[in-house]
Amino acid sequence: MERKMEKSTRSDSVLDMSPTSTVGGGVEDIYGEDRATEDQLLTPWTFAVSSGYNLLRDPRYNKGLAFTEKERDVHYLRGLLPPAITSQELQEKRLMQSLRQFEVPLNKYVALMELEERNKRLFYKLLIDNVEELLPIVYTPTVGEACQKYGSIFRRPQGLYLSLKEKGRILEVLKNWPERKIQVIVVTDGERILGLGDLGCQGMGIPVGKLALYTALGGVRPSACLPITIDVGTNNEQLLKDEFYIGLRQKRATGKEYFDFLDEFMTAVKQNYGEKVLVQYEDFANHNAFELLAKYGTKYLVFNDDIQGTAAVVLAGLVASLKLLGGSLADHTFLFFGAGEAGTGIAELIALAISKEINAPVEEARKNIWLVDSKGLIVSARKESLQAHKKPWAHEHEPVNDLLDAVKAIKPTALIGTSGVGRTFTKEVVEAMASINKKPLIMALSNPTTQSECTAEEAYTWSEGQAIFTSGSPFPPVEYNNILHIPSQANNCYIFPGFGFGLVMCGALRVHNDMLLAASEALAAQVTEEHYAKGMIYPPFANIRKISAHIAATVAAKAYQLGVATRLPQPADLVKYAESCMYTPNYRNYR
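Residues numbered from 1 in each chain as written. Predicted model: local features only at pLDDT ≥ 70, side-chain atom pairs only at ≥ 80, totals over all residues. Heavy atoms only, no water.

An unreviewed UniProt entry lists the chain under the name Malic enzyme, with Anisodus tanguticus given as the organism. UniProt annotates the chain under Function (unreviewed entry) with the comment "The chloroplastic ME isoform decarboxylates malate shuttled from neighboring mesophyll cells. The CO(2) released is then refixed by ribulose-bisphosphate carboxylase. This pathway eliminates the photorespiratory loss of CO(2) that occurs in most plants." The chain has a UniProt comment under Sequence similarities (unreviewed entry) that states "Belongs to the malic enzymes family." (UniProt positions renumbered as here; feature names shortened; annotations may be inferred.)

This is the structure we're talking about:
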């Protein structure tokens, strides 16, 4: 039956791309999840045809009251469902009505996760059709609270937990996951969840949420996604004393023990899923994140969203803002408040973009970019005491102790907050930026909302309506002097779903910085004059699937150009091909 199913779900004629093409990056579409297979009849099967009571409890195939009369007869559902037959659209309307009755965002989160556990297609249809409303629930800021309370709201495991108990057996444990054809893994060790710190094993909410967005926004099939939490302990005393904590009750492993465990994990992943599986690192602490990326970036298909994804989305905003600011990137000066993995990652990608723009070494381009950490402006006099990732930004300048003085001394065009410390862009700082620039660019990127360096209202008010404002978490529109200002959100969701999908689609073997630059340019190109008129430097999320398709196509094209794509021959129209490969959540008709 499996061979028959694979034959029936191949779509060799899709867009006439290739006589041997397989939709979805070379992995057979077993569950009929691609757009290209949407009109094909599907058999709901696991090891045998799923029917009756079991079918209603299989989230991949369950349609609830949407099962037709014929399907109820063929699959032994008579009496197991009320007699009414409803459409998926009506189910969606009813559920959205129910969700909107919850006043507490965490209750909405729990309800959505329970929906995913019983009906995946309906869950993703809700998320795709209502992305702007539901994104803050499944992602920042609500996912942060969910992680903090994960032990209390835990119902059923949604991913794979690899703890130190499994040392020496990781490959064996990976084989316990029911799906074999994995394309994207999002993994965290829970040490730096958003701006909330060490949440240990409860960080699982992040990989689960990220992969839900990979599917909803980027089109990666849910069966090809695997959320993983690596549990090496936690240094969070409150969690260690919490009777509901679900992880190892021990201090974090460090040094050789930690890196040996990560080595075993990466080796097992490649052995079990092949070299084209994308491993996305998420919310690792600075002292490990850079080392892991440097160590595995040349051997595996790996991507750190906090370093590279954040950098790409911020660069896209900067490129788009040039329409409002004028000039090129090289004409502007950038000041960062925060010099961790996000800040230095963004700074390095900006420097790379400038170096290509002016055809000069990256070292030269870095001179336009300044960073402030907890000890003040990073300058050459501090070089000996700096961590390795900060040293490239130690420029010649007298010491400056605080952000306000740094703004006055450096006179930046753009102020970029990646500190994880809330309310640090004070009234004096914003006023100083407004006195230096006609249109000061204020990017308060720290998540969740409580950690944002300033609010949209503060930025617009203190700059007397002149600021171009963007943040990491969503803020509502602000009216100032009878003008409605719509703040942009520099959300990683703009980049990582389409970026990852592009890598999977072309069978890429490695991630190159040129791919990140290409993704940034593709996103910036989606901002229209209508958006600029509202002060926006990012397009609305309502169009995110189309945006992701364009980003995926651009990334794939760059992979082919660099010679790291293995899916040959290259499709003639990468955008149309990306759209054809995207997961669609509409119900399928069963034999």
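Here the narrative resumes.
Draft legend 1. Main features of the overall build of the chain. When its secondary structure is counted, the chain shows 25 helices and 14 strands. Relative to a compact globule of 591 residues, whose C-alpha radius of gyration would be 25 Å, the chain shows 24 Å and is just as compact. Per-residue burial for the chain yields a buried fraction of 61% across its 591 residues. Long-range contacts, defined as pairs at least 24 residues apart, comprise 72% of the intrachain contacts of the chain with a sequence gap of at least 6. Counting only carbon and sulfur atoms, one obtains 50% of the accessible surface of the chain, whose full area is about 23800 Å². Each charge class in the chain can be summarised by its mean position, and for the 64 positive and 69 negative side chains these summaries are 5 Å apart. (Helix = DSSP H or I, 4+ residues; strand = E, 2+ residues; numbered from the N terminus. Rg over C-alpha atoms; globule rule 2.2 N^0.38 Å. Buried < 20%, exposed > 50% of the residue type's maximum accessible area, 1.4 Å probe, protein only. Contact = heavy atoms within 4.5 Å. Areas by Shrake-Rupley, 256 points an atom, 1.4 Å probe, with all protein chains shown as cover. Lys, Arg positive; Asp, Glu negative; His and termini not counted. Charge placed at Lys NZ, Arg CZ, Asp CG, Glu CD.)

Draft legend 2. A look at the UniProt feature "domain: Malic enzyme N-terminal" (unreviewed entry) in the chain. The sites that UniProt annotates as "domain: Malic enzyme N-terminal" (unreviewed entry) are residues 116–297. With 46% helix and 11% strand, residues 116–297 has its two end C-alpha atoms placed 33 Å apart.

Draft legend 3. Focus on the sheet that holds strand β5 (residues 302–304). As summarised here, the arrangement of the 5 strands in space is β1-β3-β2-β4-β5, forming an open sheet in which the pairing is parallel. Every interior strand has two partners, whereas the edge strands, β1 (160–163) and β5, have only one. When the angles between neighbouring strand axes are averaged without regard to direction, this sheet yields 25°. Its contacts with the sheet put helix α15 (residues 305–325) on β4 (278–281) and β5, and the angle it makes with β5 is roughly 70°. (Pairing = 2+ DSSP bridges. Axes fitted to C-alpha atoms, helices over the stretch in contact; angles between N-to-C directions.)

Draft legend 4. Representation of the environment of I350 in the model. Its place among the elements puts I350 in helix α16 (residues 341–358). Counting along the chain gives 142 residues from I350 to N492, while the straight-line C-alpha distance between them is 16 Å. For I350, the contacting residues outside a window of four places in its chain are L315, L318, F334, F336, I369 and I416.

Draft legend 5. Local environment of the packing of aromatic side chains. Scanning the entire structure with this criterion turns up 14 aromatic pairs. Taking 6.1 Å as the distance between ring centres and 50° as the angle between the ring planes, the aromatic pair formed by F67 and Y590 counts as tilted. Linking F67 in the loop between α2 (52–56) and α3 (69–74) with Y590 in the segment after α25 (574–581), this pair joins segments that are 523 residues apart in sequence. On the basis of relative accessible area, Y590 is assigned to the buried category, the value being 7%. Here the aromatic rings of Y214 and F496 are separated by 5.2 Å at their centres, their planes lie at 65°, and the arrangement is edge-to-face. One end of the pair, Y214, is in helix α11 (residues 205–216); the other, F496, is in helix α21 (residues 496–506), with 282 residues separating them in the sequence. Among the residues examined, F496 registers a relative accessible area of 0% and is labelled buried. Aromatic rings pair up to connect Y61, F67 and Y590 into one cluster. Here K63 stacks its cationic end above the ring of Y590, 4.8 Å away from the centre of that ring. The ring of W393 has R366 sitting right over it, with the charged end atom 5.5 Å from the ring centre. (Phe/Tyr/Trp six-rings, centres within 6.5 Å; stacked < 30°, edge-to-face > 60°. Lys NZ or Arg CZ within 6 Å of the ring centre and 35° of its normal.)

Draft legend 6. View of the packing of helix α5 (residues 105–118) against helix α6 (residues 120–129). As a packed pair, α5 and α6 sit with axes 6 Å apart at the nearest point and diverge in direction by 140°. Regarding the angle of α5 to α6, the classification is oblique. Residue-level inspection shows L112, M113, L115, E116 and R118 of α5 in contact with α6, the latter providing K120, L122, F123, Y124 and L126. For the contact of α5 with α6, the per-class residue count stands at 7 nonpolar, no polar and 3 charged. (Parallel < 35°, antiparallel > 145°, perpendicular 65-115°, else oblique. Nonpolar A, V, L, I, M, F, W, Y, C, P; charged D, E, K, R; others polar.)

Draft legend 7. Just the state of the cysteines, in detail. In this structure the tally under the stated criterion is 0 disulfides. Free cysteine: C225, not disulfide-bonded; nearest cysteine sulfur from C493 at 14 Å. Judged by its relative accessible area of 7%, C225 falls in the buried class. (Disulfide = S-S within 2.5 Å.)

Draft legend 8. Broad picture of α15. Taken across its 21 residues, α15 has 17 buried, putting it largely inside the fold. Its side-chain oxygen at 2.9 Å from the backbone nitrogen of D306, N304 defines the N-terminal cap of α15. Downstream of α15 by a residue or two, G326 has a phi angle that is positive, lying close to 85°. (Polar contact = N/O pair within 3.5 Å; in protein donor to acceptor, adjacent residues only side chain to side chain.)

Draft legend 9. Molecular detail of the sheet that holds strand β10 (residues 441–444). Spatial ordering of the open sheet is given by β8-β7-β6-β9-β10-β11-β14, a layout of 7 strands whose pairing is mixed. Two strands in the sheet have a free side with no partner beyond their single neighbour: β8 (376–377) and β14 (488–489). In this sheet, β8 lies alongside strand β7 (residues 369–373) in antiparallel orientation, the contact comprising 2 bridges. Paired with V372 across the two strands is L377, which belongs to β8.

Draft legend 10. Molecular detail of α11. Look at α11: 16 Å from first C-alpha to last across 12 residues, which is about the 16 Å you get at 1.5 Å a residue. With respect to burial, α11 is a largely interior element, 12 of its 12 residues being buried. All buried positions along α11 are accounted for by G205, I206, P207, V208, G209, K210, L211, A212, L213, Y214, T215 and A216. (Expected span 1.5 Å × (residues − 1).)

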